[in-house]
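Structural overview
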Amino acid sequence: MAMQTPAPCEYSRATSVDDAIAQLQALGGNARILAGGHSLIPMMKLRLANPGHVIDINPLEPELNYIRKQGNEIRIGAMTRHRDMLESDLLSKTFPHIFQEAEAVLADPVVRNRGTLGGSVCQADPAEDLSGVVTALKGEAVLRGPEGERVVGMEDFHLGPYMTAVESTEMLVEVRFPIVDGHGSAHEKVERRAGDFAIVAASAALGIKNGTIHFAGVACSAVGPTTMHIERAEQALVGKSPSESLFQQAGEMASEDVSPNSDGRGTADYKRHVAGVLTTRALNRAAASAMGGPAYFHDFHSNVQR
Amino acid sequence: MQVSMTINGQAYSHDVEPRLLLVHYIREYAELHGTHWGCDTSNCGICIVLMDGEPLKSCTTLAAMAEGHEITTVEGMAAPDGTLDPIQQGFHEMHALQCGFCTPGMMATGRWLIKKHPNPTQMTDHEIRDGISGNLCRCTGYDNIIKAIRWAAQYEADHAGRS
């Protein structure tokens, strides 16, 4: 096998977010931000990404690795590693238990030591798990550039496969998540082998109060050109009482609204079917988690111990 | 560019191309061939070394990103007098290697799993299997690898506080 190595490029380290942005400006669109490197370096090896320059932001970890509650939001810094999200008590208490479920099946523990939230969502791989989680939770990306900050919802963030709204002089610094009353959530994934990208994955988040769904987020991964936001299902859920038949209907909508391709991971029809099944399952477990407490996460764990 | 790091307690510094991967720095510049180079896609875990005590895939890390960090490879695991680290002794005791290609990476991950677990002797098979899910053994000798990690955890518990 031929050795894979990135094309020649220049390298520098950032000393602060402002310094990173100044460097991006000076390099005029020819640079990429390098965080954990577990998406960008493989892309560079395959020559699918050929930046003339990489700006290493690992020195900014003290500034950009955090998970905190601020007002009615949870804010996660762009350099927060997957392992930190997997092990965060604040995330498991606030969003039971979508982060743990997605992070537990995202790549492997050694990759999760390095890979970051910012790297995952900026890679904009339509099959990646965490982007589905961010979409279902209605997270918003905070982009900082020379003119200051702007906040972009996931709808406008992922423009296509491997394409985001981040301009060449901007970097993602944070993702913000609204805290929802009576929250329950779940992530379901079917993969070929441990740690692989999904054949199909579904992320679901619900807010249930007084027996009524007041918040619904549904996203599917690996079944379209971007993470697929299943808006029709969300609209059908809000204002209703949670029930298995309602979640069945929402799953059918997901199945209809995704646009998978046939490839080595399965046929389009198969993926469409799986998207529906996983969406229904994720919604059932999200509702159970919202109403029944943490026991359902343990069920999930015993399920993956197969 | 100039890159400097500590590998197994020894300082190294070289003028390298920025695109140089850490695995090639370790093998070709530091001339430590115990770290193997496998799938090159961060899947197989052959190239795992410890950076500041945490395992990382050195085929998916630029040498420049290790600037100022402490790297431990398989050559740095044993004590200076040659006494094997318990994880190495465990692999010996439990016959946890056949071809040996995955062994340095497996031992680095195993070393870390024992260190980070609050009660290492109570690790479940699932925890160990999940923990090494980023390391592939081409010989499929996983059962003995799991026994070796367990052996090391038990040995350390039995010898805690002694030197």
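What you are looking at is a predicted structure, and each value in this text was computed from that prediction instead of being measured.

The helix and strand tally for chain B stands at five helices and five strands. The linear arrangement of helices and strands in chain B, starting from the amino end, is β-β-α-β-β-β-α-α-α-α. Over its C-alpha atoms chain B spans a radius of gyration of 16 Å, differing by no more than 12% from the 15 Å that the globule rule assigns to 163 residues. Sorting the 163 residues of chain B into buried and exposed places 46% on the buried side. A separation of at least 24 residues holds for 61% of the contacts in chain B among residues at least 6 apart in sequence.

The next point concerns the domain arrangement of chain A. Residue and element names in this part refer to chain A. When the domains of chain A are assigned, the result is domain 1 (10-56), domain 2 (64-178) and domain 3 (183-304). For domain 1 and domain 2, the distance between their C-alpha centroids amounts to 18 Å. Counting residues at the interface gives 13 residues for domain 1 and 16 residues for domain 2. Its residues placed into classes, the side of domain 1 that touches domain 2 shows seven nonpolar, six polar and no charged.

Right, let's get into the sheet that holds strand E4 (residues 54-57) of chain B. Residues and elements named next belong to chain B. In spatial order, the strands read E2-E1-E5-E3-E4; together these five strands make up an open sheet with mixed pairing. Single-partner strands in this sheet number two, and they are strand E2 (10-15) and E4. The average undirected angle you get between the axes of adjacent strands in this sheet is 40°. Relative to strand E5 (residues 70-72), strand E1 (residues 2-7) runs parallel, the two being bridged by two bridges. Bridging across to E5, Thr-6 finds its partner in Glu-70.

We now examine the interface of chain B and chain A. Taken together, the contacts link 24 residues of chain B with 23 residues of chain A. With four residues, the single largest contributor to the side of chain B that touches chain A is E4 of chain B. Classifying every residue of the side of chain B that touches chain A by side-chain character gives nine nonpolar, 10 polar and five charged.

Attention now moves to the sheet that holds strand E11 (residues 183-191) of chain A. All names here are of chain A. The four strands are arranged E11-E12-E13-E14 in an open sheet whose pairing can be described as antiparallel. Of all the strands in the sheet, the pair left with one neighbour each is E11 and strand E14 (228-229). Examined bridge by bridge, E11 and strand E12 (residues 198-209) share nine bridges and lie antiparallel to one another. Paired with Glu-191 across the two strands is Ala-198, which belongs to E12.

This part takes up the nonpolar core. Formed by 136 residues in total, the largest nonpolar core has its most connected members in Val-200, Ala-204, Leu-206, Cys-220 and Ala-254 of chain A. Other than its neighbours up to four places away in sequence, Val-200 of chain A contacts Val-190, Cys-220, Ala-222, Val-223, Lys-271, Val-274, Ala-275 and Leu-278 of chain A.

Moving on: the domain arrangement of chain B. All names here are of chain B. Domain annotation of chain B identifies domain 1 (2-76) and domain 2 (86-158). On a C-alpha basis, the centroid separation for the pair domain 1 and domain 2 is 21 Å. Taken together, the contact pairs 14 residues of domain 1 with 12 residues of domain 2. Counting residues per element, the side of domain 1 that touches domain 2 draws most heavily on strand E3 (residues 48-51), which supplies three residues. Classifying every residue of the side of domain 1 that touches domain 2 gives eight nonpolar, five polar and one charged.

Before going further, it helps to spend a moment on helix H3 (residues 103-116) of chain B. A rise of 1.5 Å per residue sets the reference length of H3 of chain B, with its 14 residues, at 20 Å; its end C-alpha atoms lie 20 Å apart and thus fit the reference within 8%. By the criterion of burial, H3 of chain B is predominantly enclosed, with 12 of the 14 residues buried. On its buried side, H3 of chain B packs onto helix H7 (109-112) of chain A together with E3, E4, helix H2 (86-93), helix H4 (125-131) and helix H5 (142-158) of chain B.

A few words on the pairing of E1 of chain B. All names here are of chain B. Side chains Val-3, Met-5 and Ile-7 project from E1 onto a buried face, and the interleaved Gln-2, Ser-4 and Thr-6 project onto a face without burial. Here six bridges tie E1 to E2, and the two strands are oriented antiparallel to one another. Bridge pairing links Thr-6 to Ala-11 in E2. Counting the residues between successive antiparallel strands, the hairpin from E1 to E2 contains two residues, one of them, Asn-8, with a positive phi of roughly 50°.

All names here are of chain A. Cis geometry is adopted by the peptide bond preceding His-97, which originates at Pro-96 and carries an omega value of 0°. Structurally, His-97 is set in the loop between helix H5 (89-94) and helix H6 (98-104). Here the phi dihedral of Ala-124 falls at roughly 55°; this positive angle occurs in a residue that is not glycine. Looking at where Ala-124 falls in the secondary structure, it is placed in the loop between helix H8 (117-123) and helix H9 (129-136).

What counts as what
- Residues numbered from 1 in each chain as written.
- Chains lettered and ligands numbered in written order.
- Predicted model: local features only at pLDDT ≥ 70, side-chain atom pairs only at ≥ 80, totals over all residues.
- Helix = DSSP H or I, 4+ residues; strand = E, 2+ residues; numbered from the N terminus.
- Rg over C-alpha atoms; globule rule 2.2 N^0.38 Å.
- Buried ≥ 20, exposed ≤ 12 C-beta atoms within 10 Å, placed from the backbone.
- Contact = placed C-beta atoms within 7 Å.
- Domains from an automatic or database assignment.
- Nonpolar A, V, L, I, M, F, W, Y, C, P; charged D, E, K, R; others polar.
- Pairing = 2+ DSSP bridges.
- Axes fitted to C-alpha atoms, helices over the stretch in contact; angles between N-to-C directions.
- Core = buried A, V, L, I, M, F, W, Y, C linked by C-beta atoms within 7 Å.
- Expected span 1.5 Å × (residues − 1).

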